[in-house]
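Structural features, examined
Here's the letter readout for the chains.
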Amino acid sequence: MNSLNSCFAKASYMLQFFWVFILFFFQTLFSFAYAQERIYGKVVDRNTQEPIELAVVKNLRTQKFCLTDKEGHFQLKDAKASDSLLVSMIGYRSFKWLPDTTHSLVVGLEKGPMDLKEIIITSHKNNLGSMLTLRSIDLNMQPVKSAQDLLRLVPGLFIAQHQGGGKAEQIFLRGFDADHGTDVNISVDGMPVNMVSQVHGQGYADLHFLIPETVQGYDFGKGPYYASKGDFNTAGYISYHTKNVLEKNMVKLEGGQFASGRVVAMMNLISEKSTKQTAYLAGEAMYTNGGPFAVPEHFNRWNLFGKFNSALGNGSKLTFSFSTFSSGWRSSGEIPDRALSEGYIANRFGAIDSLQGGYTSRSNVNAILVTHLKNNFTLENQAYYSRYFFNLVSNFTFNFFYPSTGDEFRQRESRNLIGYNAKISHPYSIANLPLYSVAGIGLRHDAIQPSMLAHVTNGSDILNDIQLGHSWETSLNAYVEETLESGKWLFDVGLRFDYLHFYYLNQAEASDSAAAIFIGANPRAGKAIVSPKINIQYTLNNYFQAYLKMGKGFHSNDARIVIANQGYEILPAAYAADLGINWKPSPGLFINAAIWYLYLQQEFTFGSDLGDQSVMPGGKTKRTGIDFSARYQFNEWLFGFLNIDLAKPRAIGAPKGKNFLPLAPNFTSTAGLDMRLQNGINASISYRYMHNRPGNEDNSLVALGYWVTDLSLGYYRKKYEIGLSVENLLNVDWNESQFEYLSRLKHETMPVDGMSYTPGTPFFAKLKFSIFFNKL
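Note that the coordinates shown come from a computational prediction; the quantities given were computed from them, not determined experimentally. (Residues numbered from 1 in each chain as written. Predicted model: local features only at pLDDT ≥ 70, side-chain atom pairs only at ≥ 80, totals over all residues. Heavy atoms only, no water.)

Details of the overall build of the protein chain
When helices and strands are tallied, the protein chain shows 5 helices and 45 strands. For the protein chain, contacts bridging at least 24 residues in sequence account for 65% of all contacts bridging at least 6. (Helix = DSSP H or I, 4+ residues; strand = E, 2+ residues; numbered from the N terminus. Contact = heavy atoms within 4.5 Å.)

Pasting the structure below:
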């Protein structure tokens, strides 16, 4: 304990020294800043008074423009009080006015129809590779019906659900089968969603505690090019931000086929006249029997979320939020392809083991303090805590490992997660060149007690423990990032340091095969990794931009694997590069295209859950690909979008023809049309397409592709909204998830190596009705 206290004391001294050094460094640079005539102001939403980030403020005299920061503030250079300004933002009506002053301007924008003609391609630190432009368009254009749809907002990202709706979705992005999150970093309001050393899979990211209607916006990036993102940021990252205040109170009712229902209620708790404090509560309850499955899924989910914001004076703002979530379900699991043809099930929605299912819960507390210091410094401090529980019963191999009792297994864990993040930032100029500096630190600690994998029968009766132990994992990080603009060029350079410490205490019997690997092993291991990043943009004009991204990232291994392998390859690195363009060939058309390459030191592969671990480390891999996205406005009320993503994922060192990466996507596409009429009528139709993929290393087994069409209709007025959504409009048979398993059915004498599947949702229609009101 004394040594532990000593470590924390040293860490405290190091943090104090770090902040003193950073403040001195920035202050020294600031003393060289070049002053010039400017207009200062703030852009807010006229209804909620919330700041609008990344709005365009343009000087109509000089044609120069700037973007608002996170707090809505802007500084427009070379401007006078007599200049006419134009403020625009996607999803808002443009506003033109004569300021008559250069300080303390507040501009309120009203929500309005989307107009792609207003989009200009900018050179900005928050628009590296056009992600800002794409997310702004898609959040306004594409309807979001569920937490799963929030993930699908990322171009090229596909998901699959294969456990009755309750498990975290399987994620596919840029040639990765990222399982449940091994290579995609996901966060909500700065709080991590990915779970390290999760009993079902490393990086497990269950986003179901997020109520879709509370989301204000999201940010995403592909590749490991972002200094503020650490573990699991190899294929990319996604960051969601919840609303600070509700535009209106709302009650929504949804009902559809398969005894499906959902209720959402969101209400402001503080008077609309208050400008210094806001607070609201949101709740969600849903149920479905799971559709045409022979075994009803009885899926239920309960969510409660609350958020409070308060201005503290001296430029400080406190944000506090809490949430609690629980979900339970039954599942038919994955079914071998041969089960239907050989008569084990009556149809493709049948079940072989009807006792599969699970329960999970997560409660969160999150506090963020933003302080605006002197000389335009901004300091952000964040502390968060999560209490998490997970219990899952599955059976993929049926009677292969245990012919007499069956292969049913249970995964269970209980976790406490605590973390702290801090960031200091400062925009200024050197020799009239804009320079933006950021430095941050972070700490995260996961205590998992117990972490259990057991062979069971009847869904709960434990026959023997395969893995049983306690895991503690602690990570420390620090990063610096500098963004310099010079004419048409933008240079963004970052450096990140991560240190991860692992501890696993085995408590299973040494006679168990899986537990034997921990005998004599040092229960502790740790490693550090340094990740450089560089992003370069060249903006020819407001209609064309080229960019180059290069960087190093990593994904960590499960603590059990780290200890069992005596610390070997704890933090496998990823090295990647993107070369792309943003182009507006016409006022209503925006195009983003990129070619990319990614090398990974160690691939994660899915193994049998009754083996030593569910996600196992594999060999080196490489991926090359092409991303293409287009957004087009046909007229004032009709919009279209198209995403095409190609990838060639391969194992390094394996013979040609045997170097395929199982389940890794090689060709995906989404596209759709969105209609928004001024009278409140709206409609959208879209498709999701995934091409056939290798099911194993030599492609002798194939994971079948699919084409699914979805439809949405709605009518919106200020006080109510009605709508209809249809999933799988054409009622095609498709497989949502597919895996290779060596399985043995009850009456088979020998195991069979083949593909197993979870059937995708058939035609599913759902009605919704929402009421909006301002006061209770």
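Let's talk about the packing of aromatic side chains
Summed over all chains, the structure comprises 25 aromatic pairs. Pairing F396 with F409 gives two aromatic rings, centres 5.6 Å apart and planes at 80°, and the pair type is edge-to-face. With F396 in the loop between β24 (378-394) and β25 (409-430) and F409 in strand β25, this residue pair connects regions lying 13 residues apart in the sequence. Across the pair, F409 and F396 agree in class, each one buried. Note that R46 overlies the ring of F95, its terminal NZ or CZ placed 6.0 Å from the centroid. A cation sits over an aromatic face here: R348 above F349, 5.8 Å from the ring centre. (Phe/Tyr/Trp six-rings, centres within 6.5 Å; stacked < 30°, edge-to-face > 60°. Buried < 20%, exposed > 50% of the residue type's maximum accessible area, 1.4 Å probe, protein only. Lys NZ or Arg CZ within 6 Å of the ring centre and 35° of its normal.)

Some details on the sheet that holds strand β43 (residues 735-743)
If you walk across this open sheet you meet the 3 strands as β22-β44-β43, and the pairing is antiparallel. The open sheet is flanked by β22 (335-336) and β43, the only strands paired with a single partner. Pairing of β22 with strand β44 (residues 752-759), which is carried by 2 bridges, proceeds in the antiparallel orientation. Of the residues in β44, the one forming a bridge with I335 is Y757. (Pairing = 2+ DSSP bridges.)

Here we look at the nonpolar core
If you look at the biggest cluster of nonpolar residues, it comprises 50 residues, and the most contacted ones within it are L151, L157, V184, I186, L207, I238 and Y240. Apart from residues lying up to four places away in sequence, I186 is in contact with L151, I171, M191, P192, V193, N194, A205, L207, I238 and Y240. (Core = buried A, V, L, I, M, F, W, Y, C linked by side-chain atoms within 4.5 Å.)

What to know about the side chain of N309
Along the chain, N309 turns up in strand β20 (residues 299-313). At 3.1 Å, the side chain of N309 and the backbone oxygen of N244 are in polar contact. Here the side chain of N309 touches T319 through a polar contact of 2.8 Å, side chain to side chain. (Polar contact = N/O pair within 3.5 Å; in protein donor to acceptor, adjacent residues only side chain to side chain.)

Here we look at the environment of L60
Its location among the elements puts L60 in the loop between β2 (56-59) and β3 (65-67). On a C-alpha basis, the gap between L60 and S84 in space is 5.7 Å, while along the polypeptide they are 24 residues apart. The residues contacting L60, other than those within four sequence positions of it, are S84, L86 and K96.

Observations concerning unusual backbone geometry
In the segment running from Q449 into P450, the intervening peptide bond is cis, with an omega of 10°. Located in the positive-phi region is Q49, a residue other than glycine, with phi close to 65°. Along the polypeptide, Q49 turns up in the loop between β1 (38-45) and β2. The exposure class of Q49 is partly exposed, given its relative accessible area of 44%. Located in the positive-phi region is Q63, a residue other than glycine, with phi close to 65°. Within the fold, Q63 resides in the loop between β2 and β3. Among the residues examined, Q63 registers a relative accessible area of 43% and is labelled partly exposed.

Let's talk about the side chain of D219
Within the element layout of this structure, D219 appears in strand β15 (residues 215-222). Within the local environment of D219, its side chain forms a polar contact with the side chain of R135, the two groups lying 2.8 Å apart. Reaching out from D219, the side chain makes a polar contact with the side chain of Y237 at a distance of 2.8 Å. With residues up to four places along the chain from it excluded, the contact list for D219 reads R135, Y237, I238, S239 and H241.

Overview of the environment of L312
Along the chain, the position of L312 falls in strand β20. Judged by relative accessible area, L312 falls into the partly exposed class, the value being 49%. Taking C-alpha positions, L312 is 9.7 Å from V370, a pair spaced 58 residues apart along the chain. Ignoring anything within four residues of it in the chain, the contact list for L312 reads L318 and L369.

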